Amino acid sequence: MDSDVNNGVLDVVLGGELDFTNVSHIAAGVREAISVRRPAMVRVDLAAVTFLDSSGIGALVQVMRAADEISAGFRVENPTSYVLDQLDCAGLLEVFGLSPDRRDDG
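About the thresholds
- Residues numbered from 1 in each chain as written.
- Predicted model: local features only at pLDDT ≥ 70, side-chain atom pairs only at ≥ 80, totals over all residues.
- Heavy atoms only, no water.
- Helix = DSSP H or I, 4+ residues; strand = E, 2+ residues; numbered from the N terminus.
- Buried < 20%, exposed > 50% of the residue type's maximum accessible area, 1.4 Å probe, protein only.
- Contact = heavy atoms within 4.5 Å.
- Areas by Shrake-Rupley, 256 points an atom, 1.4 Å probe, with all protein chains shown as cover.
- Axes fitted to C-alpha atoms, helices over the stretch in contact; angles between N-to-C directions.
- Parallel < 35°, antiparallel > 145°, perpendicular 65-115°, else oblique.
- Nonpolar A, V, L, I, M, F, W, Y, C, P; charged D, E, K, R; others polar.
- Core = buried A, V, L, I, M, F, W, Y, C linked by side-chain atoms within 4.5 Å.
- Polar contact = N/O pair within 3.5 Å; in protein donor to acceptor, adjacent residues only side chain to side chain.
- Salt bridge = Lys/Arg side-chain N within 4 Å of Asp/Glu carboxyl O.
- Pairing = 2+ DSSP bridges.
- Right-handed = clockwise from strand over helix to strand, strands pointing away.
- Phe/Tyr/Trp six-rings, centres within 6.5 Å; stacked < 30°, edge-to-face > 60°.

Caption draft 1: Quick peek at the overall build of the protein. Regarding its fold elements, the protein presents 3 helices and 4 strands. Its helices and strands in sequence order give the protein the pattern β-β-α-β-α-β-α, from N to C terminus. Across the 106 residues in the protein, those meeting the buried criterion constitute 40%. Long-range contacts, defined here as pairs at least 24 residues apart, represent 72% of the contacts in the protein between residues at least 6 apart. Total accessible area on the protein stands at roughly 5,700 Å², and carbon and sulfur atoms take up 46% of it.

Caption draft 2: Expanded view of the packing of helix α1 (residues 23–37) against helix α2 (residues 54–69). Relative to each other, α1 and α2 sit at 10°, their axes nearing to 9 Å. The orientation of α1 with respect to α2, classified from their angle, is roughly parallel. Contacts from V23, A27, V30, R31 and I34 of α1 reach α2 at S55, G56, A59, Q62, V63, A66 and A67. For the contact of α1 with α2, a count of residues per class yields 8 nonpolar, 3 polar and 1 charged.

Caption draft 3: Summary view of the nonpolar core. L14, I34, V44, L46, F74, L87 and F96 are the most contacted members of the largest nonpolar core, which totals 34 residues. Elements represented by at least two residues in this core include exactly β2 (9–18), α1, β3 (41–52), α2, β4 (73–77) and α3 (81–89). If you tally residues by element for this core, the top one is α2, at 8 residues.

Caption draft 4: Region of interest: the environment of R31. Note that R31 resides in helix α1. Looking at R31, its side chain comes within polar contact range of the side chain of Q62, at 2.4 Å.

Caption draft 5: Just the pattern of salt bridges, in detail. Considering all chains together, one arrives at 2 salt bridges under this definition. Linking D11 and R43 is a salt bridge whose minimum nitrogen-to-oxygen distance equals 2.6 Å. Remark: R43 occurs in strand β3 and D11 occurs in strand β2; sequence separation between them is 32 residues. Using a relative accessible area of 25% as the deciding quantity, one classes R43 as partly exposed.

Caption draft 6: Here's a closer look at the pairing of β2. Sheet topology note: the β2/β3 ladder contains 9 bridges and is parallel. When the sheet's bridge partners are listed, D11 is paired in β3 with R43. On the question of chirality, the crossover connecting β2 to the parallel β3 by way of α1 is right-handed.

Caption draft 7: The arrangement of the environment of H25 in detail. With respect to the helices and strands, H25 occurs in helix α1. Counting along the chain gives 34 residues from H25 to A59, while the straight-line C-alpha distance between them is 9.6 Å.

Caption draft 8: Structural context of the packing of aromatic side chains. Applying the stated rule across the entire model yields 2 aromatic pairs. Taken together, a centroid distance of 6.2 Å and an interplanar angle of 20° make the contact between F51 and Y82 stacked. With F51 in strand β3 and Y82 in helix α3, this pair connects stretches of sequence that are 31 residues apart. Exposure remark for Y82: the relative accessible area of 32% places this residue in the partly exposed category. Both rings, one in F74 and one in F96, keep their centres 5.5 Å apart while their planes meet at 65°; by these two values the pair is edge-to-face. You can see F74 sitting in strand β4 and its partner F96 sitting in the segment after α3, a full 22 residues away along the chain. F96 carries the same exposure label as F74, and that label is buried.

Everything listed here is a matter of coordinates, which is why it stays silent on function.
Below, the structure written as structure tokens:
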């Protein structure tokens, strides 16, 4: 996980597998960054995520709720087709600011 705040935007870049073995640590780190830095917008880049299970989806929802608690915007960006399909199955595309027609990895 990498994060940076520029112009009121917290950019979070995630990669690899987001599953039950690692998401609690990742979600806690992002929630803390949101609480401390208080950005106006949180963007989560998923371009490098290779696997996402229900725990990973739950962590994204936790991060979205943490952003909502401080009235920050929240958006997921650059999901691979696999990740987009997982988020679509969970019914979260619109909530995360995504379109089902968008496929970033061809």
